Structures are given as structure tokens and as C-alpha cells.
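Below are the chains, spelled out letter by letter.
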There are 2 protein chains.
Amino acid sequence: MTVTAPKGFRAAGVTAGLKASGKPDMALVVNDGPDRHAAAVFTTNRVMAAPVRWSKQVVTDGRVDAVVLNSGGANACTGPQGFQNTHTTAEKAADVLGISAGDVVVCSTGLIGEQLPMDKIIPGVDALAGALADDGGHDAALAIMTTDTVPKEAVFTGTDAAGIEYTIGGIAKGAGMLAPGLATMLVVLTTDAAAAAEMLDAALRDATRVTFDRADSDGCMSTNDTVVLLSSGASGAVPDADAFAAGLTQVCAELARKLIGDAEGAAHDIAVRTFNAASERDAEVVSRAVARSNLFKTAIFGKDPNWGRVLSAVGTTDAAFEPDSLNVSINGVEICQNGGIGKDRSLVDLEPREVLVEIDLAAGDAEATIWTNDLTHDYVHENSAYSS
Amino acid sequence: MTVTAPKGFRAAGVTAGLKASGKPDMALVVNDGPDRHAAAVFTTNRVMAAPVRWSKQVVTDGRVDAVVLNSGGANACTGPQGFQNTHTTAEKAADVLGISAGDVVVCSTGLIGEQLPMDKIIPGVDALAGALADDGGHDAALAIMTTDTVPKEAVFTGTDAAGIEYTIGGIAKGAGMLAPGLATMLVVLTTDAAAAAEMLDAALRDATRVTFDRADSDGCMSTNDTVVLLSSGASGAVPDADAFAAGLTQVCAELARKLIGDAEGAAHDIAVRTFNAASERDAEVVSRAVARSNLFKTAIFGKDPNWGRVLSAVGTTDAAFEPDSLNVSINGVEICQNGGIGKDRSLVDLEPREVLVEIDLAAGDAEATIWTNDLTHDYVHENSAYSS
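None of the values given here were measured: they were computed from a predicted structure. (Residues numbered from 1 in each chain as written. Chains lettered and ligands numbered in written order. Predicted model: local features only at pLDDT ≥ 70, side-chain atom pairs only at ≥ 80, totals over all residues. Heavy atoms only, no water.)

A.B. asks: Can you help me understand the relation of the copies chain A and chain B in this one?
C.D. replies: Both copies of the chain are related by one operation, a rotation about an axis with a shift along it. Rotating chain A by 180 degrees about the axis while translating it 0.0 Å along that axis superimposes it on chain B, leaving an RMSD of 0.0 Å. The transformation just described matches what one would write down for a two-fold rotation axis. Every residue of chain A has its C-alpha some distance from the rotation axis, and the shortest such distance is that of histidine 377 of chain A, at 2.7 Å. Take the interface residues of chain A: 100% of them recur as interface residues in chain B, which is what a same-surface contact looks like. (Least-squares fit on C-alpha atoms with pLDDT ≥ 70 in both. Contact = heavy atoms within 4.5 Å.)

Written as C-alpha cells, this is what we have:
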């Protein structure tokens, strides 16, 4: 159920000493082929970390042999020295693996604005190479955690038209700064299906658009987000592009759900579903506006089904709707009908962690769901006490 | 120092029984002329409260004789009955004052999605008429408070070219849901200057654009925001349009600052100033992105000068800048230089309530400042416990 579930991959996670806690903080995923096709998406933040600038270049030719990841330092806003450190890390990994540095993706997460301790990173790469294993995916998932409380892994198994089985596996980290255009998150996806880089790229963009891009924990976009997908072709399966994309979307959706489920300080995971919209874009815009309303998010924390705060957020958008036609349900109870008072709000049970808000725009037949979290004392505490 | 400081105005504030606390909850401001010119700006939220829909119509002819305000209920999302209640309130006020209902602005603030208790509102209007006084502005300021801890008032005195003195006075309420396109706020401004409705309108738009529109406490836009400006001409002064607009801006700036200073649960008032921008629009966009970053706001609450979170917010905008040319100061210490590590962050003192964040885009000579607050435990507490 991880990145080493597909054939042709090895992985490792080790403690290099970047974290004061002494927990694992470096990971490596290696594609042993026969194919080494790849695709990736990155943060759209213009202040992008050194490893993102490096890795964007690496994936342009559609080939990636290995991914080196570290927690305990984002290597963002670190200037030319930071970029040099990423380059050195890739060179070191290439050296020990006998590959080209230009085929090594580097991912970092942690504090912004501090240089990585290269005297720990370099031995860390050696240790990773020594620890590589066919079942090392879980160790890798553990080593990329920051404020995550649990590792995140997922897997999908499908068959191609000839009945040959293939697998897609993934690991993810991220527990805050989760926002559109990805999140503070690092995701490595692997598959043993045979798929050209173009097919991987199309499938990855399809999948992330409706999964990670719709996980919006706190509206803040990171400098380091990276989702990279590697294919080894080792299964011999040659899946149909649509079927592959659907499987990949399933893996990404599961990982995205796990990210929201482990968001910093959250007490509720909230699905904001907008339906009967004139377009999917409208539905997404409306759901995101509600998902980003601090007043709505604090109300859910207080177990208050405050539909007025939902409507006031909907009203800030340019989506097609008539205010007097809006209906809002929370956990199945339609407490706002025709833009006004609906069923008794006391009927809404907000005790469960999972909350479903449904907004009926009465303007078409499109829909979209954004996943978010409530805004809690613990969110404030974690993010005021923890420097990142 | 209030709406009755200018000549030609009377005001009152009374307890009508809308608030469970028994505190004053209805206010009235009357323009006794000789002029009854007016201008107003309203929330741009498409889900607008009944009193906003009513009052927008009232001001279209540039004449307003009186403003009736209530706290204890927003009369938003209340359907046709809510609009009828606003109409009835205006009719009642017109009746007791001997004016036309079409010249009565109505403002409401409080819970969304509940009908106003008209059996209290109607006697409240009678009580207001009986309490009208030349020095009633302070009572009015008290009666419009919701979660405000202090009333907000301001005054400006100027002279026209002939040396005749005129006054501009104002009252405001609002302590949360403060966001662009105004805030959850009601503001009444009065002046005894002689000014046509067109001049009032231009001055008001100039003033609100750089004051209330740049107070962004929590990014949430209300359904009820109203800023109304009345002129009586009773001073006989005929000020130059620019001088009048400058004076009005001063009053609005003072009131906006007081709104931020009393924001729900805030521990810091934060001025986010972006300078050396290619345009004022760029500067505003950048400052607002930082002002809306929950991670930045929680960091300030934690007295952590976390410039990485400033840069990651700046990076989400489309403003003109080069990431490697950004400089950021917090309270005068340039802790980020050229997009990277600058002066020692321990030099930043975040003990004072007032915080100044300065972002140098190195892209031009324009600037803008957005005022916001930190994100605190008390914000979460107040907004999860209080239904609004």
C-alpha cells in the first residue's frame, strides 16, 4: 500500500539528524525500470524553494530515476547557496546510485529561510542508499513527516485490456499550508504500468486538479509543493489512458483525504460540495470561498450550523446564482431554503468529525467539492508556537 | 467628536429590547438641514441584507433625511418578510419625523437569518424620536455596538476659502467580518458643509477606498455593510472638493483604525505596508494577501517574526516583483533581504500591540497599506461561541 507496492521500485527512510526530535528525516525512492518515465506538478507560488526550481528542470525531459526527500528544512528563500545545496544533494544521490544528477528530483519540507545542514544531508544520502529495499516505501513515508501525526500511503491495483495487473502506489506528507495549487505537501506516486511520460503527465494533471487542488485546509500555499509520478513499466501492463487516470485519481483522492484528516489542529474535516452550478468552475469557486471563510470555519469548530456565514461567503463570488434561490444543507439538514430560514438548525448534528456542507446554486447541473478543516484553538496554538 | 458635532443634526440611542443584554440597540440620526444631501456605499456582497437593498434605493436621488439603525439582528437572508420589516421601519420613522419613507436609510447588524422582532422595533422608533438631541451622537454610537467593546467616533474641522468653519463627524461599529468592500460595519458620517450629493459621493468613494476598504480583519465580507454620509449645509461653509475629501478621509481613517483596534479577539493590530510597487493596485494586492494569511496571522499572535510566511503569501500574487529582490521588515528590522535571510530575527520586538510589516517589492514607487489583526485563541473562541 505504498510506493514500493508497484514492481521496479526500491525506497528507504533514515534519520540524518535534521530534526531535533531524532525522528527519520530523509527518504529516497528509486525507479529500477525498465522504464524511467515521469511527470510532476509543482507549487504555483512564485516564491518557490530551491528544490522546486531544480526539480522542474529535472522533469522537463520526462525522465526521473530517483527522488530524494528531506523533512526538517524547506530550503526556501535561501538564495544561491540554497540552490547549490539542492544541486549537491542531487549530485551525491546520482553518485551513489550510478545515475545522472539531471534525473534526480529533490524535495524538501520544513522551515523556510534556513540553510540545510549539508554535513548531515550528504551522509544521509549514503545511509539512504544503503537502506534501499523492495519494501522500503513505508520507511520513506515516515521520513517525510513534519507536523503530520500519521504517515499517508495509498495503493490502487488495475488490469489492462490483456488482463495484466498493474499497481499505482503513493506516499504523501502535509498537515498545514494546504491550499490550492497543491498544499505544503510532498507526494511521490509510483506505478509499474507501462506509460509514456505524456500519458503520465496528462493523468497526473487530471488527478491533481480534482484531488490535491481541492484540498484547502487553511488557504495558504506553500513554496515547496511537489507531486511526482514515476513509472517503471515492470508489470508489463499497458493500461488504457482513461483507466489509468481514474486509478491515479483514486490514489490521489485517498492521499488528499488523509492530508485533510491530519491537518494541524483540526477538529472537523469538512466537505463543501456545491451543486446545481452553472459550471464546474462556479461550483469550485463557491466551495472554495466557503472553505476559506474563517467565520464559517470557527462556527463549525463551535458545532454551530451557521448557514448565514455560508451565504455571506457565497455572496462574495461571481458564480451564477440568485440569492433568493440558494439552499444550504449541513449534514443532510436543509437549514437554508430559498436564501432564507429553512429547517430547524437544532436538527444538525455536528458531533462527528466529518461534516458535509451542500450548497444548491439552482443554476445548472455542475458540481465540485472542496475539502477543508475547521479553525480551532489547536490550529492557532500549533501555528503560533511552531516556526515553519 | 461625533455625528452631532456638525450643525444641523440630532441623534439618539435607546434600548428597544433587541439585545438579551438589555444594552442600547437602536439609533437614529436626523438631518435638520437646510440641505439634506447624501451619498452612501454598501457591501458588494451579492447576498445583501434587506436594509441594504432598501437603502440603496433611498440614496439614489442623493437625498437622505434620517438614518435608523439597529443592532441585535442583521435582517439578512430573511426573504420578503425581512424586506417588508425594513420598509415598515422606514415608514414608522418617516411618520414620527414628518418626512418621507423614501428618504430614510435603514441599517441593521447582528445575527443573519432571523426576523427582527417588529413589536420591539416600532416602539423603539417612537422612543428614538422622543430622545433626539443635539448632542445625541454618542448615544447613537453606543446603540450600534455588537461585539464592539468601545464606541467609535471621530471628528474633523476645516475651513473653506472664506474662512468659514465646517465640521465632519462620524460614528462606526464593527468588530469582526471586517473585509474589503467595507466590513461588518455600519458608519454614519455627517457634515455641516454645503456640498452637492455628487461632491459627497466622490469624496466618500475616495475616502472609503483607502480607509475602510483597506481594513481587513478576517477576510470575511458582511451582508450588511453601509457607510452613509449626510450634509446639512448648516455651517454655511462651501469647502473645496479636494479639501473636503481629505478631511473626510481623515475621519474615515480614524474610524477604520478604531475598528481594527477593537477587532474580535485580536492581540495585535498589524499594518502591512507594501512599497516600491509597480502600481498602487499591486501594493494593495500584496498587502492583502499577507493580511489574509492565517499562518502569518497566527505567527504574529505567537510573536514570531516569521518572514517565510510573508514571502509565501507574497508569492501567491500576480504583482510585479522578482523573488530574489524582495525585502521584508517587521517593526523596522529588515529580516529578509533579497528574498533570503536578512538581519537576525531575534532583533524584532513583537511585544507592542501595533505591528508594522513592510514589504519592498523593488519594482516601482507605489505603495499601499492594509490594516489587519492577528489570529488568536480569542478570535476562535468568540467566533465559535457567538452566533452571527
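A.B. asks: In this structure, what is going on with the pattern of salt bridges? I would like to understand it.
C.D. replies: Opposite charge on two side chains permits pairing when their charged atoms draw close. For the structure shown, the criterion picks out 46 salt bridges over all chains. Note that aspartate 262 of chain A is salt-bridged to lysine 152 of chain A, the shortest N-O span being 2.5 Å. Taken together, the positions of aspartate 262 of chain A in the loop between helix H6 (241–261) and strand E10 (269–277) and lysine 152 of chain A in strand E6 (residues 152–159) put the pair 110 residues apart, joining distant regions of the chain. The pair formed by aspartate 262 of chain A and lysine 152 of chain A is uniform in burial state, with each residue classed as buried. In this structure, aspartate 103 of chain B and arginine 63 of chain B form a salt bridge, with 3.5 Å as the shortest nitrogen-oxygen distance. Here aspartate 103 of chain B, found in the loop between helix H2 (79–97) and strand E5 (104–108), pairs with arginine 63 of chain B, found in the loop between helix H1 (50–59) and strand E4 (66–70); they are 40 residues apart in sequence, far enough to count as distant. Note on aspartate 103 of chain B: relative accessible area 10%, which makes it buried. The class for arginine 63 of chain B is partly exposed, based on a relative accessible area of 36%. Shared partners join several salt bridges into a network, and the residues in it are Arg209, Arg214, Asp216, Glu280, Glu284, Arg288 and Arg292 of chain A. (Salt bridge = Lys/Arg side-chain N within 4 Å of Asp/Glu carboxyl O. Helix = DSSP H or I, 4+ residues; strand = E, 2+ residues; numbered from the N terminus. Buried < 20%, exposed > 50% of the residue type's maximum accessible area, 1.4 Å probe, protein only.)

A.B. asks: Honestly, the interface of chain A and chain B in this entry has me stumped. Any pointers?
C.D. replies: A common way to express how large an interface is: the accessible area buried when the components associate. Listed as interface residues are 51 residues of chain A and, on the opposing side, 51 residues of chain B. With both chains or domains summed, chain A and chain B bury close to 4,100 Å², and 56% of this area falls on carbon and sulfur atoms. Here chain A is connected to chain B by twelve residue pairs in polar contact (both at pLDDT 80 or more). Secondary structure elements with two or more residues in the side of chain A that touches chain B: helix H8 (294–301), helix H9 (307–314), strand E13 (340–341) and helix H10 (377–385) of chain A. Sort the elements by how many residues they give to the side of chain A that touches chain B and H10 of chain A lands first, with six residues. (Buried area = accessible area lost by both parts, 1.4 Å probe. Polar contact = N/O pair within 3.5 Å; in protein donor to acceptor, adjacent residues only side chain to side chain.)

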